[in-house]
Every structure is written in C-alpha cells, then in structure tokens.
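Descriptive structure summary
For reference, the chains in residue letters:
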Amino acid sequence: MRGTATGLQSPHPLGDQLPALFLADAFAQQLCAGLDEVLAPILATLDCWPAYLDPSTAPEDMLGWLAGWLGLTLDENEPAARRRELLAYGVDLLARRGTVSGLRDALRAYLAVEADISEPGGTGWSMIPGSPLPGLATGELLVRVTVDDPASMDVRRIDAVVAAALPAGVRHRVELIGR
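Residues numbered from 1 in each chain as written. Predicted model: local features only at pLDDT ≥ 70, side-chain atom pairs only at ≥ 80, totals over all residues. Heavy atoms only, no water.

Counted by the stated rule, this structure contains three aromatic pairs. Here a set of aromatic residues connected by ring pairs shows up, and it is made of Trp49, Tyr52, Trp65 and Trp69. (Phe/Tyr/Trp six-rings, centres within 6.5 Å; stacked < 30°, edge-to-face > 60°.)

Next comes the structure, spelled out in structure tokens:
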C-alpha cells in the first residue's frame, strides 16, 4: 500500500454488506468502519490501476518501480517529465534489446550521443569439425562515441547503458573520440 489518505471513503463500506442482524450493532459497524479506513486506499489504487501502469499518468514515486519492470534504471535527479519520456521510450527499446540499432537508439535516448558500433560476430556452419569460426577472434563489441569534449563525458555511464542494452555475456569496449 502506498500510504493512507486522510478522509478517503470506501466505495463499498463493509458495514453495509453485513447481514441484517448486524446492521444495527454499533460494535460491528465501528469495527467495519475501522477496516474501511484501512482498505479505502487499496480499493482506490486498484480502481486506478491502469493509470499507475502508464508512464504518462503514474505518480512520480512509481516511475522507478515501472522502470524496474523493464530492466531500466532511471536517474532520480532527472526531472519527472524526462523520466516519463525515457520510460515510454524504454518499452520500444526493450523490443530491440541486444541489436545494434537498439544499442544505438539507447545511447541516443539516454545520453544524447551518437555511436559507431563495430560488431565482430558472425554465423556459419561447416561439415568439418574444428574448422575456424567466422568473425573476429576477440569477439568484442566496439562502441565508439564521438563527442565535443571527451573529458566532459562519463565513460562509466556510457558503459552502463551499453551493458544494459546488450545480451548477457557479450563483451564490449567503449572508446570516446573528440571531434
């Protein structure tokens, strides 16, 4: 439960739903009134549940929770409007997670940088066991980010976005290049 709301009335008071025998019983009505006060915020939240799941209408304190469902980490220092925008865009990025275009778009969305990505991978088959595999032997994804001032960029932040957008186990390296 997110918390209590003072004066919130239950849309379905428990005292009204008791059998006729207890409708005039003061103790039963007071007990139900106490339970109504506890249950009213829960019922109000459930009535508005679709709004809690929509990044454009969710309360600010729910944005981090929604981001966790998508595997995203939002910077709490960012304005709420920016976090809502990233959450809405994160749904689209999730569908392309692990692809070069998804990685490029994630860097563009979260850090506003353009990246040149060199992908060494490849696929192939052979009827001869032990034949060489396609692609580079290092198997490392190279992400080159071109910025005006490389000293002003936090390489760890870029690395975190790249790591989050790649499948587990894919090695990568980030290079910053000045214009």
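Further remarks concern the packing of helix 6 (residues 100-111) against helix 7 (residues 155-165). Two numbers describe a pair of packed helices, the interaxial angle and the distance between the axes. Axis separation between helix 6 and helix 7 bottoms out at 10 Å; the angle between their running directions is 140°. When the axis of helix 6 is compared with that of helix 7, the two are oblique. By crossing handedness, the relation of helix 6 to helix 7 is classed as right-handed. Here helix 6 contributes Leu103, Ala106, Leu107, Tyr110 and Leu111 to the contact with helix 7, which in turn contributes Arg157, Ile158, Val161, Val162 and Ala165. The residue makeup of the contact of helix 6 with helix 7, split by class, is nine nonpolar, no polar and one charged. (Axes fitted to C-alpha atoms, helices over the stretch in contact; angles between N-to-C directions. Helix = DSSP H or I, 4+ residues; strand = E, 2+ residues; numbered from the N terminus. Parallel < 35°, antiparallel > 145°, perpendicular 65-115°, else oblique. Left-handed = near helix turned anticlockwise from the far one by under 90°. Contact = heavy atoms within 4.5 Å. Nonpolar A, V, L, I, M, F, W, Y, C, P; charged D, E, K, R; others polar.)

Residues Phe27, Leu31, Leu35, Val38, Leu39, Ile42 and Leu46 make up a contiguous nonpolar surface patch of roughly 640 Å² in combined accessible area. Along the chain, the position of Phe27 falls in helix 2 (residues 26-47). (Patch = residues over 30% accessible without salt bridge, like charges linked within 9 Å, V, L, I, M, F, W, Y side chains within 5 Å. Areas by Shrake-Rupley, 256 points an atom, 1.4 Å probe, with all protein chains shown as cover. Salt bridge = Lys/Arg side-chain N within 4 Å of Asp/Glu carboxyl O.)

What follows deals with the side chain of Arg84. You can see Arg84 is positioned in helix 5 (residues 80-95). Buried within the structure, Arg84 lacks any salt-bridge partner; its nearest side chain of opposite charge belongs to Glu60, at an N-O separation of 5.1 Å. Separated by 2.7 Å, the side chain of Arg84 and the backbone oxygen of Ala58 make a polar contact. Beyond its immediate sequence surroundings of up to four residues, Arg84 is in contact with Pro55, Ser56, Thr57, Ala58, Pro59, Glu60 and Leu63. (Buried < 20%, exposed > 50% of the residue type's maximum accessible area, 1.4 Å probe, protein only. Lys, Arg positive; Asp, Glu negative; His and termini not counted. Polar contact = N/O pair within 3.5 Å; in protein donor to acceptor, adjacent residues only side chain to side chain.)

To continue, consider the nonpolar core. Core analysis: the largest hydrophobic core is formed by 28 residues, its most contacted members being Leu103, Leu107, Val143 and Val162. Among the elements of the structure, helix 4 (63-70), helix 5, helix 6, strand 1 (114-118), strand 2 (140-147) and helix 7 are those that each provide at least two residues to this core. Here this core takes five residues from helix 6, the largest share from any one element. (Core = buried A, V, L, I, M, F, W, Y, C linked by side-chain atoms within 4.5 Å.)

Across its 12 residues, helix 6 extends 16 Å between first and last C-alpha, which sits within 8% of the 16 Å expected from 1.5 Å per residue. Considered for burial, the residues of helix 6 that qualify are Gly102, Leu103, Asp105, Ala106, Leu107, Ala109, Tyr110 and Leu111. The inward-facing, buried residues of helix 6 contact helix 5, strand 1, strand 2 and helix 7. A positive phi of about 55° marks Ala112, the residue just after helix 6. (Expected span 1.5 Å × (residues − 1).)

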